[in-house]
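Now for the letters of each chain:
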Amino acid sequence: MDSRSHFHGAARSWLEKALNGVEPVGLPWASLLAFQRIVTHPRSTAEPLTATEAWQFVTGWLEADLAWVPNPGARHGEILGRLLAEGDCRGSLVTDAHLAGCRSAIRRIASPGR
């Protein structure tokens, strides 16, 4: 990863604290694959990682005791469709809507009384 990036320190600090904290950390596949795509791309950093190097980071995170992979629920298509339409999501915002839809499902699971 590019330790020269001004985002590196804050991102690394947050992830280390989260994975070593007390609450579960959801790592959606869309986010993990975005990491893999970005850190291996030759135009994103002066020293891109190999696919194997990047995947070692991903598997290391997934092996953390608090890590889990949230998967879309049965109503994800409905929720995603509404978010895409209401937000007129296009381009890179499509993935953001997908992740927001996953988050919506996670909140319902975590707060069944709602």
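Residues numbered from 1 in each chain as written. Predicted model: local features only at pLDDT ≥ 70, side-chain atom pairs only at ≥ 80, totals over all residues. Heavy atoms only, no water.

Caption draft 1: A look at helix H4 (residues 76-86). Those residues of H4 that sit buried are His 76, Ile 79 and Leu 80. Each buried residue of H4 sits inside an arc of 95° when the element is viewed along its axis, so together they form one side. Residues of H4 that are exposed and angled more than 90 degrees away from the buried face: Gly 77, Glu 78, Ala 85 and Glu 86. Looking one or two residues beyond H4, the residue adopting positive phi is Asp 88, at roughly 45°. (Buried < 20%, exposed > 50% of the residue type's maximum accessible area, 1.4 Å probe, protein only. Helix = DSSP H or I, 4+ residues; strand = E, 2+ residues; numbered from the N terminus. Arc of directions from axis to C-beta.)

Caption draft 2: Up close: helix H2 (residues 29-39). All of the buried residues in H2 are Leu 32, Phe 35, Gln 36 and Val 39. When H2 is viewed along its axis, its buried side chains cluster within an angular range of 95° and face the same direction. In this structure, the buried side of H2 is in contact with helix H3 (51-62). (Contact = heavy atoms within 4.5 Å.)

Caption draft 3: Up close: the packing of aromatic side chains. This model, assessed by the stated rule, comprises four aromatic pairs. Taking the centre distance of 4.7 Å and the plane angle of 65° together, the rings of Phe 35 and Trp 61 count as edge-to-face. Of this pair, Phe 35 sits in helix H2 while Trp 61 sits in helix H3, and the two are 26 residues apart along the sequence. Side by side, Phe 35 and Trp 61 carry an identical accessibility label, which is buried. Connected via pairs of aromatic rings, a cluster forms that spans Phe 35, Phe 57 and Trp 61. (Phe/Tyr/Trp six-rings, centres within 6.5 Å; stacked < 30°, edge-to-face > 60°.)

Caption draft 4: Main features of the nonpolar core. In terms of nonpolar packing, the biggest core is built from 14 residues, with Leu 19, Leu 27, Phe 35 and Trp 61 touching the most fellow members. At the level of elements, helix H1 (8-19), H2 and H3 are the ones that each hand at least two residues to this core. Other than its neighbours up to four places away in sequence, Leu 27 contacts Leu 32, Trp 61, Leu 62, Ala 67, Trp 68, Val 69 and Pro 70. (Core = buried A, V, L, I, M, F, W, Y, C linked by side-chain atoms within 4.5 Å.)

Caption draft 5: Focus on the side chain of Gln 36. Looking at the secondary structure, you find Gln 36 in helix H2. Its relative accessible area of 13% is what places Gln 36 among the buried residues. For Gln 36, the contacting residues outside a window of four places in its chain are Ala 51, Ala 54, Trp 55 and Val 58.

Caption draft 6: Examining a nonpolar patch on the surface more closely. On the surface, a cluster of nonpolar side chains totalling about 300 Å² of accessible area is made up of Trp 29, Leu 33 and Trp 55. On the basis of relative accessibility, which here comes to 35%, the residue Trp 55 falls in the partly exposed class. (Patch = residues over 30% accessible without salt bridge, like charges linked within 9 Å, V, L, I, M, F, W, Y side chains within 5 Å. Areas by Shrake-Rupley, 256 points an atom, 1.4 Å probe, with all protein chains shown as cover. Salt bridge = Lys/Arg side-chain N within 4 Å of Asp/Glu carboxyl O.)

Caption draft 7: Just the side chain of His 76, in detail. Mapping His 76 onto the fold places it in helix H4. At 2.9 Å, the side chain of His 76 forms a polar contact with the side chain of His 98. Apart from residues lying up to four places away in sequence, His 76 is in contact with His 98, Gly 101 and Cys 102. (Polar contact = N/O pair within 3.5 Å; in protein donor to acceptor, adjacent residues only side chain to side chain.)

Caption draft 8: Layout of the pattern of salt bridges. Tallied over the full model, the rule gives four salt bridges. Taking the shortest distance from any N to any O, the salt bridge between Glu 86 and Arg 82 comes out at 3.8 Å. Of this pair, Glu 86 and Arg 82 both sit in helix H4, four residues apart, which is roughly one turn of the helix. Given the relative accessible area of 60%, Glu 86 is considered exposed. Between Asp 88 and Arg 90 there is a salt bridge, with the nearest N and O atoms lying 2.8 Å from each other. Look at Asp 88 and you get partly exposed, because its relative accessible area is 46%.

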